[in-house]
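Chains, contacts and geometry: an overview
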Amino acid sequence: MDNVPPGLQAAFLAYGYGMGVLLYLYTSLIYLSSTIEFEGAEHLSKDRNHIFGLWHQFAWPYAVVFRAHGQHVWLMHPYWYMKPMHVLARLLGVQRLILGSTANSGRAAAEELLAHLRAGASTSLAPDGPCGPARDARKGILHLSARSGVPVIP
């Protein structure tokens with residue numbers, strides 16, 4: 001986030017980290033006070049990596065139930081207002097964030113993610129892209145799966 005003016009850096013960091021920690025505490029409270037059942041989890045191989053695909057509308061419930069297992073590397077939108085989500089992802093156990101999206105160095109970010117997938121990392125992606133339209137899948141998730149050999153788990 002090198003495009004935040006110097007005079008706003010302190011406020012930006014307070015916003016990003018403050019909201020990120022609050023989101024983490026909130027998701028943890030829901031996680032700890034809920035009964036969560038996973039259907040089909042027995043079909044996920046524990047010795048391989050996966051690409052978890054979810055529509056944007058399910059990102060919040062996913063953040064509640066997700067707890068990193070194995071190495072996770074996520075591609076996330078790089079805009080400043082996403083800083084709390086970047087902090088939340090790291091607190092949930094995501095080892096590395098790659099900042100990029102369709103109109104923001106997306107190809108370079110996808111190539112970096114592809115290298116991590118080939119090395120054994122898992123990821124979570126929203127196939128409808130950062131700007132939608134909602135539930136209209138773009139080709140990026142299938143492209144990553146085809147080039148890496150990592151299966152997509154919808």
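Residues numbered from 1 in each chain as written. Predicted model: local features only at pLDDT ≥ 70, side-chain atom pairs only at ≥ 80, totals over all residues. Heavy atoms only, no water.

So, the pairing of strand β3 (residues 96-99)
Summarising the sheet, strand β2 (residues 73-76) and β3 pair through 4 bridges and their orientation is parallel. Directly across from Trp74, in β3, lies its bridge partner Leu97. Between the parallel pair β2 and β3, the chain is carried across by helix α3 (residues 83-92), and the sense of this crossover is right-handed. (Pairing = 2+ DSSP bridges. Helix = DSSP H or I, 4+ residues; strand = E, 2+ residues; numbered from the N terminus. Right-handed = clockwise from strand over helix to strand, strands pointing away.)

A few points about the packing of helix α4 (residues 106-118) against helix α5 (residues 140-148)
Think of two packed helices as two axes; the pair is described by the angle between the axes and how far apart they sit. Viewed as axis vectors pointing N to C, α4 and α5 meet at an angle of 40°, and their least axial separation amounts to 10 Å. Considered as vectors, α4 and α5 are oriented oblique to each other. Remark: the crossing between α4 and α5 carries right-handed chirality. Residues Ala110, Glu111, Leu113, Leu114, Leu117 and Arg118 of α4 form the contact with α5, whose participating residues are Leu144, Arg147 and Ser148. For the contact of α4 with α5, the per-class residue count stands at 5 nonpolar, 1 polar and 3 charged. (Axes fitted to C-alpha atoms, helices over the stretch in contact; angles between N-to-C directions. Parallel < 35°, antiparallel > 145°, perpendicular 65-115°, else oblique. Left-handed = near helix turned anticlockwise from the far one by under 90°. Contact = heavy atoms within 4.5 Å. Nonpolar A, V, L, I, M, F, W, Y, C, P; charged D, E, K, R; others polar.)

Remarks on helix α1 (residues 9-32)
Across its 24 residues, α1 extends 34 Å between first and last C-alpha, which sits within 8% of the 34 Å expected from 1.5 Å per residue. Within the sequence span of α1, burial applies to Phe12, Gly16, Gly20, Leu23, Thr27 and Ser28. (Expected span 1.5 Å × (residues − 1). Buried < 20%, exposed > 50% of the residue type's maximum accessible area, 1.4 Å probe, protein only.)

Observations regarding the environment of Ala119
Inspection of the secondary structure puts Ala119 in the loop between α4 and β4 (123-125). Placed 48 residues apart in sequence, Ala119 and Gln71 show a C-alpha to C-alpha distance of 9.9 Å.

Some words on the sheet that holds β4
Spatial strand order, β4-β1-β5: 3 strands in an open sheet with parallel pairing. The open sheet terminates on both sides in strands that have one partner only, identified here as β4 and β5 (152-153). Pairing between strand β1 (residues 51-53) and β4: 3 bridges, direction parallel. Bridge pairing in β4 places Phe52 opposite Ser124. Against the sheet, α5 contacts β1, β4 and β5, and its axis sits at roughly 160° relative to β1.

Observations regarding unusual backbone geometry
Positive phi is not limited to glycine here, since Ser105 has a value of about 55°. Topologically, Ser105 is positioned in the loop between β3 and α4. Of note, Arg135 is a non-glycine position whose phi angle comes to about 60°, a positive value. Locating Arg135 in the fold gives a position in the loop between β4 and α5. The exposure class of Arg135 is exposed, given its relative accessible area of 52%.

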